Amino acid sequence: MTWIEYKKQLPKSHFSKEDLNLLEAAFLYATKAHERQKRHSGDDYILHPIAVSLKVAEIGLDSQTIAAALLHDTVEDKGAELKEIRKRFGENIAFLVDGVTKVDKLRYHGVERTVESMRKMFLAVAKDVRVVIIKLCDRLHNMETLSSLPYPEKRERIAKETLDIYASVADRLGMGEIKAQLEDLAFRYVYPDEYFWIEEEVKKRLPEREIYLERVMPIIKKELNREGIKALEIHARAKHYYSLWKKLQRYDMDWERIFDLVAVRIIIHDVNDAYGVLGLIHKHWKPLPGRIKDYIALPKPNGYQSLHTTVFCIDGQIVEFQIRTEEMHKEAEFGIAAHWMWEHAGKPKEGASINPKLAWVAQLKEWQSSFRKGKMNSEDFLESLKIDFFKDRIFVLTPKGDVIDLPEGATSIDFAYHIHSEIGDHAVGAKVNGKMSSFDAELHSGDVVEILTKKNQHPSREWLTFVKTSMARNHIRRYVREQTGKILLRKQEPIEIVVEIEDRVGILKDVSSAIASSGISIKDIESHVRGDNAYASIKISFIPHSKDDIHRVRARIKRVKGVQSVKIGRRERTI
Ligand code: MN
């Protein structure tokens, strides 16, 4: 594909000359970087980043994010390519490309790690909502082309990961359209039987439904006209397969209870019109009790807003209507990414109430709104998109891509002990993102950390001044304590006891057992006979564990019959 052909596929809008220059440079750089690379399908590799970037563009993101999407697979390994990107395209784009590369390094462990911590980590490692959006579009394209991957187990693993992590992250960001696409693409690989069953059933039921709704739509249009309400759009929308299957599970697989197989969506200008349309529908057709849902007053946790009602329509058939403003509609499809579209379209934001449960969605909305009201410049706004939801935790990676969850401020020594006490105890050096790093340097989310070890290396007391985890602290303390103990003992000089004894049979044995019963360890024992003298002497040397040992031994020896004197001293030579 040439740049001219690519440019034609970009949404027609808002790109300045500079934007286009940037995109052209990124396009050419990526084309060169992926030259001669092929995908499993046999396609040129470059078609993948191109497809991803066009999705990102379609969502309405800025030229920097589109450029980063073009470049997202050009950083293979350590440093070099990223440096080049920073040099050519600047810090911002390098930051986005780096974020995508880091997310790529995450490994999904399914059972071992909770899906929830994986989702958090995804967000923490991505650091920026734009990185998340590029990753979602990347995964969307990979799912679209998954059938050309020749390994069934791998297809299933990727599809499972898509359902558990990617679709869920998209949902949290309120990106309903991308979430639904990811789910439907993954569905057939994860639950093939169920997927084909749903597909078959929908194909049976859909046409009849669509013909029926062809009769409903004109009536609605006419009624709206009469009331002077301008609808921007009225369309029938078939429910996505995966969410349909989920709903069927809740409804005991009873198709008769699925009223929104095809729902009618009415997009209007403002919130007042939404309630107006609701009243109008109810005037015409009787609503099913308990099926009116006001997600405008009470948005869903992910920020979704809309009015839903289910009515007995023509011929008593049940139909679901969804009524929302254009802005709510865009937000429902693209979530927080919708902001860019509104920025470009210059639409004002209405004060929308937010479910406080999802505080960070609320916070994002608040940022968006102060951005729109001009309280924040665009740089501050982009800065605010850097995800900072896990303030007190960081997520770092092993060279194999395993994720280690540590407190903020943790160092490579904390990391080492987290992996294994043996690794901590024998650490000689740390490599962070491929570069040697000092042990006390703070780690950051997404860092790849490698610990170098040596058998004869041991922990240092100094490490206690900077480690953050109690696990590391305890191991180091234990080692230091043991060492201190050993040094004390080594420094301890033997104590000598010189005992003068009568020359009686068995006295040596008695003295020995007195010593033995004191529980000390004897280093040496010698007996001397003093020529003509009646007395003999015994010299015992031992290492005491404490001062008490010395007194205890002396007392016990003194009690032995025939002992004349006991002298104690350090290396005293009484003889
Ligand atoms: Mn990719």
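Calculation criteria
Residues numbered from 1 in each chain as written. Predicted model: local features only at pLDDT ≥ 70, side-chain atom pairs only at ≥ 80, totals over all residues. Heavy atoms only, no water. Helix = DSSP H or I, 4+ residues; strand = E, 2+ residues; numbered from the N terminus. Contact = heavy atoms within 4.5 Å. Donors = N, O, S within 2.8 Å, 3.2 Å for Na, K, Ca; no water. Buried < 20%, exposed > 50% of the residue type's maximum accessible area, 1.4 Å probe, protein only. Phe/Tyr/Trp six-rings, centres within 6.5 Å; stacked < 30°, edge-to-face > 60°. Lys NZ or Arg CZ within 6 Å of the ring centre and 35° of its normal. Pairing = 2+ DSSP bridges. Axes fitted to C-alpha atoms, helices over the stretch in contact; angles between N-to-C directions.

> Mind showing me how you'd approach the environment of Val311 here?
The topology assignment puts Val311 in strand β4 (residues 307-312). The spatial distance from the C-alpha of Val311 to the C-alpha of Leu288 is 5.4 Å, given a sequence separation of 23 residues. Not counting residues within four places of it along the chain, the set of residues in contact with Val311 comprises Ile281, His282, Trp285, Lys286, Pro287, Leu288, Gln317, Ile318, Val319 and Phe321.

> Please clarify how the coordination of the manganese ion should be interpreted in this entry.
Metal coordination angles in their ideal form are 109.5 degrees for the four-donor tetrahedron and 90 or 180 degrees for the six-donor octahedron. Taken together, His48 (NE2), His72 (NE2), Asp73 (OD) and Asp138 (OD) make up the protein donors of the manganese ion, found 2.2 to 2.3 Å from the metal. Each donor residue of the manganese ion belongs to the same chain, and together they define the spacing H-x23-H-D-x64-D. Residue His48 is located in helix α3 (residues 47-59), and its partner Asp138 is located in helix α7 (residues 129-144); the two are separated by 90 residues in the primary sequence. We note that His48, like Asp138, is buried.

> Sorry, what's going on with the packing of aromatic side chains here?
Two descriptors summarise a pair of aromatic rings, namely the distance from one centre to the other and the angle between the planes of the rings. In this structure the tally under the stated criterion is 16 aromatic pairs. Both rings, one in Tyr6 and one in Phe27, keep their centres 5.0 Å apart while their planes meet at 35°; by these two values the pair is tilted. One end of the pair, Tyr6, is in helix α1 (residues 3-9); the other, Phe27, is in helix α2 (residues 17-33), and 21 residues separate them in sequence. Owing to a relative accessible area of 0%, Tyr6 belongs among the buried residues under this scheme. The exposure class of Phe27 is buried, given its relative accessible area of 2%. An aromatic cluster of three or more residues is present, and its members are Phe187, Tyr191, Tyr195, Phe196, Tyr241, Tyr242 and Trp245. Directly above the ring of Tyr166 sits Arg139, whose terminal nitrogen or CZ lies 4.1 Å from the centroid. Cation over ring: Arg257 sits above Tyr251, and NZ or CZ is 4.7 Å from the ring centre.

> Looking at this structure, how should I read the pairing of strand β5 (residues 318-325)?
The element β5 is largely enclosed, with a buried count of 8 among its 8 residues. With burial as the criterion, each face of β5 is covered, one bearing Ile318, Glu320, Gln322 and Arg324 and the other bearing Val319, Phe321, Ile323 and Thr325. In this antiparallel pair of consecutive strands, β4 and β5, the connection spans 5 residues, and Asp315 shows a positive phi of 60°.

> Can you help me understand the sheet that holds β5 in this one?
Neighbouring strands of a sheet are bound in pairs by backbone hydrogen bonds; such pairs are parallel or else antiparallel. Across the sheet, 5 strands lie side by side as β1-β2-β5-β4-β3; this open sheet has mixed pairing. Single-partner strands in this sheet number two, and they are β1 (231-238) and β3 (293-294). Both strand β2 (residues 262-268) and β5 contribute to a ladder of 5 bridges, which runs parallel. Counted as the bridge partner of Ile266 is Ile323 from β5. Contacts from helix α12 (residues 271-284) reach β2, β3, β4 and β5 within the one sheet, and its direction differs from that of β4 by about 10°. Against the sheet, helix α13 (residues 326-334) engages β1, β2 and β5, with an angle of about 105° to β5.

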